[in-house]
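Summary of the model geometry
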Amino acid sequence: RRPRGPPPPSRRWGAAQEAMADGAADAAEVIPEEVLRETDVAYEQELQQNPFSVKLWIAYAKAKADASERVRFLIYERAVKEIPGSYKVWHLYLQERLKACKPLCITDPAYERTNATFKRALVFLHKMPRLWLLYIEFLMKQKMVTRARRALDGALRSLPITQHSRIWELFVKFIKEGEVPKETALCAFRRYLMLEPDHVEIYVAYLRTIGKHDEAASRLSAVVDDEDFTSIEGKTRHQLWMDLCDLVSKHPADVKSVNIEAIIRSGIRQFTDEVGRLWISLGDHFIRLGQFEKARDVYEEAMATVSTVHDFSLVFDAYAKFTESLITAHMERGEANAAAAAEADLLMARLEDLLERRPELLSSVKLRQNPHNVHEWLQRVKLYRETPEKVIRCFTEAVMTVDPQKAEGRLWTLWAAFAKFYESHDDLENARVIFEKATQVNYRAVDDLASAWCEWIEMELRHREYEQGLTVSRRAVSQKKAAALRDDKTVVQNKIYRSTKLWALSIDLEESLGTTSSTRAAYDACIELKVATPALILAYARFLEERKYFEDAFKVYERGIKVFNWPHVNDIWLTYLNRFVARYGGRKLERARDLFEQALEKVPPKFARRLHMLYARLEEEHGLARHALAIYNRATKAVEEADMYEMYSILLRKTAELFGQTRTREIYDQAVENLPQDKIKDCCTRYAKMETMLGEVDRARAIYVHASQFCDPRREEEFWKTWRLFEVQHGNEDTFRDMLRVKRSVQATYTQVHFNATDIAAEGGEDVLDPMQAAEQKLKSEEERKRGGDALGGEAKRPRVTSDAGVARKELMGQFEPADTFQGFRRGYLFKLGVKGLGYYEDEPGAGGPAAA
């Protein structure tokens, strides 16, 4: 029923006059005369002069805050009588009334007086939403449902449409409290949706709480169909769909206005990520209706259509649980009913069949997810290994389904497994038919087609069909390159001539089963098509050498050298040169030299060492020695730095053997100039020893001096020991001092250079985390040890090593017996620390004094 509008102004003013008169009469009756005498004279005089001042009345009321309720209410009654349109005065008055009612029971007469005050206020201030809200909340507190509903209707009629949202919030709260009759609440909600249609979710939630599932489903389905709808709760369209499906599946008997099955199936088509849950909801819907056969059909359809393992697991578990519950129910009834027992046996058989079909159903799900998965097709075939007919049907379906361009995995393995199935049953004819079809498939890669051909050939060889295998291999490689280039280049059959694997198998068969001419023709065709590898070149040459076609083999090597570059040609050159030298030796020396020069022309330093060694050995065995030395000399410049020292060592040894030690000086000088810095020390040491052996002590000393600039005394102790021994044996005191001076200068040079953190860490071991800190601690410990030695006296001091070259020479030439401590007097010996260490040194003849420590 449409509510009436507010009364006209004339009627409203008349009602106000009557209400004010009634209020004044009530106040006059209730308040006695002695209370009226307590009024403040000053405020009364001001009010007589200015009775319409809002501030004055409010100040008067506040001044009487400590007075009794009667006095305060009297002041407010007088105020609203004088200025009935003041919101402030009415609001303060109503707050005083509400405060007074708060501690009282709702049946107290003060509540009715407050209600009457609210009515009088709303007569004048019916456009103020705050007063309406206070009044309605006060009525809701009193549990006055009808009066609260009428007040809500009055607020909606009086207030403008822009203020209705504030009233409706309280209206919805009023409805949800549960004390409102359902029909009244439904009417109110429908009116609310006319104002706020987007708040339909609140209505749906209320309908579900009161059991109105049919209307809730109808409203929710309309929301789901509306693509422009925006949820105030932040739900997506998918979540709304799931809510609708849950609603209709759990209350199938109550929902009549919508097609439940159509709704759920529509959700299945639209939302693929919740397919399993929606199928279960549809099955649950039919189970609640008691249509068990229909529910079983739904579960079977679901397992045949889902495309993810997760959804399949959900549906299968729900199906199994449903069947088990039916079996349990029939078994409970079967004790008294034979038909129920038979039905239980049938359901048991169905459950066993379902459990047996699970692997097959799961495989179907995976293949629906990706029908081009070769591995999954092979796994599916294994499920049917007990029934050959199903295996053949599965293989046939697989090869017809899998797209070669989309295949995931090696498609040729599927064809090969199909052929091997026939082969395992001794049906070679059908196996050959399968391989024939497999070789016509347009694979993505040439290697897949080559693998199919190779499997066919190997099958023929396994069954000793050698002629057939050879025929198949010749057919596989018979396509010519020119014909392939004229055809469609995208077809993999036109690119099979590039397969190295297929050519290698075909050539092996030709060597084993064919003739020499057919094998050579196969090798030549492979080289012409530019699919030969260095290994195949070497195999061709070895094949010819075994049949005594040496010159033809050498031509094959040369063809391979023209085809390949470094580093792939390295093995071909090495084999070619070794075979040539072994074949002809020194009979064709010039030709061999030409071959070696050709090989060394572009050889990288990484492979130069071995070729130079072969070349030099050829010259040593069949040529001239000076040519060999020249080759070794070239090798020192051609090889890598890591091999340079070894090549110089060989050159020095060969030069010394052939021309004597004196001819090695130039080589030593060249080596010292060209070798890496870490190898100069070793070369100079050998150089100095050679000069020492020749008696050239001064030259040897100069070499040591030159090498010393590359030797840090802290790291190259062995070099300095060698030089020291040399000076002891061949120098004098001056030269020994010069050696020590050079050592100090070199040490000072390396000390001035900044510390290398890597070297310090290597010297300090794995535990050294800060190299600079470790070096500082080492220097500090050495200084403390020296200071400690000075404080302890002579025993703690480190004895000085003999620096006199003459005495050192005598110590080296004389007898020596090592001893860690002084062991008493020995005639003819002195106990001291000399060049050989701590012990007894032989004294000069006739020195028979006691041994000095």
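Data block above holds the structure.
Below or above, wherever it landed, is the structure these notes cover. None of the values given here were measured: they were computed from a predicted structure.

Topic: helix H22 (residues 411-424)
Each turn of an α-helix holds 3.6 residues, which means side chains three or four residues apart point in the same direction. With 14 residues, H22 extends 20 Å from end C-alpha to end C-alpha; this agrees with the ideal 20 Å at 1.5 Å per step. Extensive coverage of H22 is indicated by the burial of ten of its 14 residues. Of all the positions in H22, only Leu411, Trp412, Leu414, Trp415, Ala416, Phe418, Ala419, Phe421, Tyr422 and Glu423 are classed as buried. Where H22 is buried, its residues meet helix H20 (374-383), helix H21 (388-401), helix H23 (428-438) and helix H24 (446-462). Residue Asp426 follows H22 closely and has a positive phi angle near 60°.

Considering the pairing of strand S2 (residues 829-834)
The pairing of S2 with strand S3 (residues 837-842) spans six bridges and is antiparallel. If you follow Leu830 over to S3, its bridge partner there is Tyr841. The antiparallel hairpin formed by S2 and S3 contains two residues in its connecting segment.

Regarding empty space enclosed by the protein
All chains considered together, the criterion is met by one cavity of 30 Å³ or more. Approximately 50 Å³ is the volume attributed to the largest cavity. Leu139, Met140, Lys143, Met144, Val145, Phe174, Glu177, Glu179 and Val180 are the residues that line the largest cavity. A per-class count over the lining of the largest cavity returns six nonpolar, no polar and three charged.

A word on the nonpolar core
Residues Leu411, Leu414, Tyr443 and Leu502 are the most contacted members of the largest nonpolar core, which totals 132 residues. Look past the residues within four positions of Leu411 in its chain and what remains in contact with it is Val374, Val402, Pro404, Val441 and Tyr443. If you look at the next biggest cluster of nonpolar residues, it comprises 105 residues, including Leu133, Leu220, Leu244 and Ala295.

Thoughts on the pairing of S3
With three bridges connecting them, strand S1 (residues 816-818) and S3 associate as antiparallel partners. Counterpart to Pro818 in the pairing with S3 is Gly839.

What about the packing of aromatic side chains?
Within the structure shown, the criterion is met by 40 aromatic pairs. Relative to Tyr422, the ring of Phe421 has its centre 5.9 Å away and its plane inclined at 65°; by these criteria the two rings are edge-to-face. Neither residue differs from the other here; Phe421 and Tyr422 are each classed as buried. Cluster of aromatic residues (ring-pair linked, three or more members): Phe554, Tyr557, Trp573, Tyr576, Phe580 and Tyr584. The lysine or arginine in question, Arg358, covers the ring of Phe316, its NZ or CZ lying 5.0 Å from the ring centre.

Considerations on the packing of helix H35 (residues 641-659) against helix H37 (residues 677-693)
Between H35 and H37, the least distance of the axes is 11 Å, while the angle of their chain directions is 15°. Overall, the two elements H35 and H37 adopt an arrangement that is roughly parallel. As H35 runs across H37, the sense of the crossing is right-handed. The residues of H37 that touch H35, namely those facing Tyr645, Ser649 and Leu652, are Lys679, Asp682, Cys683 and Arg686. When grouped by side-chain class, the residues that make up the contact of H35 with H37 number three nonpolar, one polar and three charged.

Digging into the pattern of salt bridges
Counting across every chain of the model gives 30 salt bridges. Between Glu551 and Arg591 there is a salt bridge whose closest N-O contact spans 3.5 Å. One end of the pair, Glu551, is in helix H30 (residues 550-563); the other, Arg591, is in helix H32 (residues 589-601), and 40 residues separate them in sequence. Take Glu551: its relative accessible area is 31%, and that puts it in the partly exposed class. With a relative accessible area of 27%, Arg591 lands in the partly exposed category. Taken together, the salt bridges that share partners define one network made up of Arg410, Asp447, Asp448 and Lys501.

Reading the values: the criteria
One numbering rule holds for all chains: residues counted from 1, following each sequence as written. The predicted nature of this model means local features are confined to residues of pLDDT at least 70 and side-chain atom pairs, given and counted, to a pLDDT of 80 or more, with totals for whole chains, interfaces and linings taken over all residues. Computation of side-chain values: all heavy atoms of the structure, hydrogens and water removed. The way it works is that DSSP assigns letters per residue, a run of H or I at least four long becomes a helix, a run of E at least two long becomes a strand, and they are numbered from the N terminus. Between the first and last residue of a helix there are one fewer steps than residues, each counted as 1.5 Å, and that sum is the expected span. Burial classes: relative accessible area under 20% of the type maximum marks a residue as buried, over 50% as exposed, and values in between as partly exposed (1.4 Å probe, protein chains only). Only heavy atoms matter for contacts: two residues are in contact if any of them lie within 4.5 Å across the pair. For two strands to be treated as a pair, DSSP must find no fewer than two bridges joining them. Space inside and on the surface of the protein is sampled on a 1 Å grid over the protein atoms alone, with a cavity defined as a set of points where a 1.4 Å probe fits but cannot get out and a pocket as an open set with protein on both sides within 12 Å along at least 5 of 7 lines; lining residues have an atom within 4 Å of a point. Grid points are joined across faces, edges and corners, and a volume is the space filled by probe spheres set on the points. Ten residue types, Ala, Val, Leu, Ile, Met, Phe, Trp, Tyr, Cys and Pro, are classed as nonpolar, four, Asp, Glu, Lys and Arg, as charged, and the remainder, Gly among them, as polar. Joining through side-chain atoms within 4.5 Å is the link that ties buried Ala, Val, Leu, Ile, Met, Phe, Trp, Tyr and Cys residues into a set, and such a set is a nonpolar core. Only rings of Phe, Tyr and Trp enter the pairing, Trp through its six-membered ring, and a pair is recorded when the two centres are within 6.5 Å. The plane angle decides the type: under 30 degrees is stacked, over 60 is edge-to-face, the rest tilted. Ring-over charges, as used throughout, are those where CZ of Arg or NZ of Lys falls within 6 Å of the ring centre and within 35 degrees of the ring normal. To get an axis, fit a line to the C-alpha atoms, keeping to the stretch in contact for a helix; angles then go from 0 to 180 degrees between the N-to-C directions. Between 65 and 115 degrees an angle is taken as roughly perpendicular, under 35 as roughly parallel, over 145 as roughly antiparallel, and anywhere else as oblique. We call a crossing left-handed when the near helix sits turned anticlockwise from the far one by less than a right angle, and right-handed when that turn is clockwise. Only one rule defines a salt bridge in this text: a Lys or Arg side-chain nitrogen within 4 Å of an Asp or Glu carboxyl oxygen.

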